[in-house]
Amino acid sequence: MPTHNPSFTVGDDVVVPDPVSGEVWTVGAVILNQDGRAFAQKRSPDRRLFPDTWDIVGGHVEPGETVLEALAREVEEETGRRLTHVRRFLGTTSWTGDDGGGLRHEADYLVEVEGDLDHPTLEWSKHCAYDWFSPGNLARLKENRRPGEFLIHELIARALEDRPA
């Protein structure tokens, strides 16, 4: 599914879901730096949804947006960087948050961005920390999550296992 006026490229084999009317969709972006480590940001303790937990860049698909338009917008809003390439589809997950907002469907991608990755521009009102993750420190992504709630850990682990050369 092409986006309206995309400013980024999309890999030939990248899957893009076509949300059905009435469904709530979110998107997630795993961003790797030049050393092959994955970016994650910690949600502030006062957040209603998943407080004080690690998260990838992402958020809700707004009305009138495509999945990929939402991905580009969220990358820019949450990091101050511009999406340049959607490298790989990491999968779709359905989940119910701890905020009473009901069922959501999430499409996650391994992406490339433009800009200084060592100095991301966080939304500090929503996130209290960030870090870069490699296989050696992935267990930190499970902080403040119960068994079976390791989506972020699993996504980043998958992206690191299959990362491009």
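Residues numbered from 1 in each chain as written. Predicted model: local features only at pLDDT ≥ 70, side-chain atom pairs only at ≥ 80, totals over all residues. Heavy atoms only, no water.

## Brief notes about the packing of aromatic side chains
To describe a pair of aromatic rings, one takes the distance between the centres and the angle between the planes. Evaluated as defined, the whole model comprises five aromatic pairs. Taken together, the ring pairs in this structure connect Phe39, Tyr130 and Trp132 into an aromatic cluster. Sitting over the ring of Phe150, Lys142 keeps its end group 4.8 Å from the ring centre. (Phe/Tyr/Trp six-rings, centres within 6.5 Å; stacked < 30°, edge-to-face > 60°. Lys NZ or Arg CZ within 6 Å of the ring centre and 35° of its normal.)

## Section: the nonpolar core
In this structure, Ile31, Leu68, Leu71, Leu83, Val86, Tyr109 and Val111 are the most contacted members of the largest nonpolar core, which totals 25 residues. Of all the elements in the fold, those that place two or more residues in this core are β2 (25-31), α1 (67-79), β6 (82-96) and β7 (103-114). Discounting chain neighbours no more than four positions away, the residues touching Val111 are Ala29, Val30, Ile31, Leu32, Leu71, Leu83, His85, Val86 and Arg87. Listed in part, the 17 residues of the second largest apolar core include Val30, Ala38, Trp54 and Ile56. (Core = buried A, V, L, I, M, F, W, Y, C linked by side-chain atoms within 4.5 Å. Buried < 20%, exposed > 50% of the residue type's maximum accessible area, 1.4 Å probe, protein only. Helix = DSSP H or I, 4+ residues; strand = E, 2+ residues; numbered from the N terminus. Contact = heavy atoms within 4.5 Å.)

## Side note on the pattern of salt bridges
As enumerated under the stated definition, the model contains 13 salt bridges in all. Salt-bridge contacts for Glu65 lead to Arg73; the nearest nitrogen and oxygen are separated by 2.6 Å. (Salt bridge = Lys/Arg side-chain N within 4 Å of Asp/Glu carboxyl O.)

## Structural notes on the layout of surface pockets
Here the largest pocket defines a volume of roughly 820 Å³. Lining the largest pocket are 40 residues, and of these Arg43, Leu49, Phe50, Asp55 and Trp95 lie nearest its centre. Counting residues per element, the ones that place at least two in the lining of the largest pocket are β2, β4 (54-55), β5 (57-60), α1, β6, β7 and α2 (151-161). (1 Å grid on protein atoms, 1.4 Å probe; cavity = no way out; pocket = protein on both sides within 12 Å on 5 of 7 lines; lining within 4 Å. Points joined across faces, edges and corners; volume = space filled by probe spheres on them.)

## As for the sheet that holds strand β3 (residues 38-43)
The strand order across the open sheet built from three strands is β4-β3-β8, with neighbouring strands paired in antiparallel fashion. Two strands lie at the open edges of the sheet, namely β4 and β8 (127-133), each paired on one side alone. Looking at chain direction, β3 and β4 are connected through two bridges and run antiparallel. Counterpart to Lys42 in the pairing with β4 is Trp54. On top of the sheet, α2 reaches β3, β4 and β8; it is set at about 170° to β3, its chief contact. (Pairing = 2+ DSSP bridges. Axes fitted to C-alpha atoms, helices over the stretch in contact; angles between N-to-C directions.)

## Here's the deal with the sheet that holds β6
The five strands lie next to each other as β1-β6-β7-β2-β5, forming an open sheet whose pairing is mixed. The open sheet has two edge strands, β1 (9-10) and β5, and neither has a second partner. One ladder, built from seven bridges, connects β2 with β7; its direction is parallel. In the sheet register, Gly28 faces β7, and the bridge partner there is Asp108. Contacts from α1 reach β1, β2, β5, β6 and β7 within the one sheet, and its direction differs from that of β5 by about 125°. Packing of α2 onto the sheet brings it into contact with β2, β6 and β7, and relative to β6 it is tilted by some 140°.

## A few points about α1
The terminal C-alpha atoms of α1, which comprises 13 residues, lie 18 Å apart, in line with the 18 Å expected from a rise of 1.5 Å per residue. The element α1 is largely enclosed, with a buried count of 10 among its 13 residues. Inspection of α1 places Val67, Leu68, Glu69, Ala70, Leu71, Ala72, Glu74, Val75, Glu78 and Thr79 among the buried residues, and these make up the whole buried set. In the segment just after α1, Gly80 is the residue with positive phi, at about 75°. (Expected span 1.5 Å × (residues − 1).)

## Here's the deal with unusual backbone geometry
A positive phi is found at Phe50, a non-glycine position, where the angle reads about 50°. Tracing the backbone shows Phe50 in the loop between β3 and β4.

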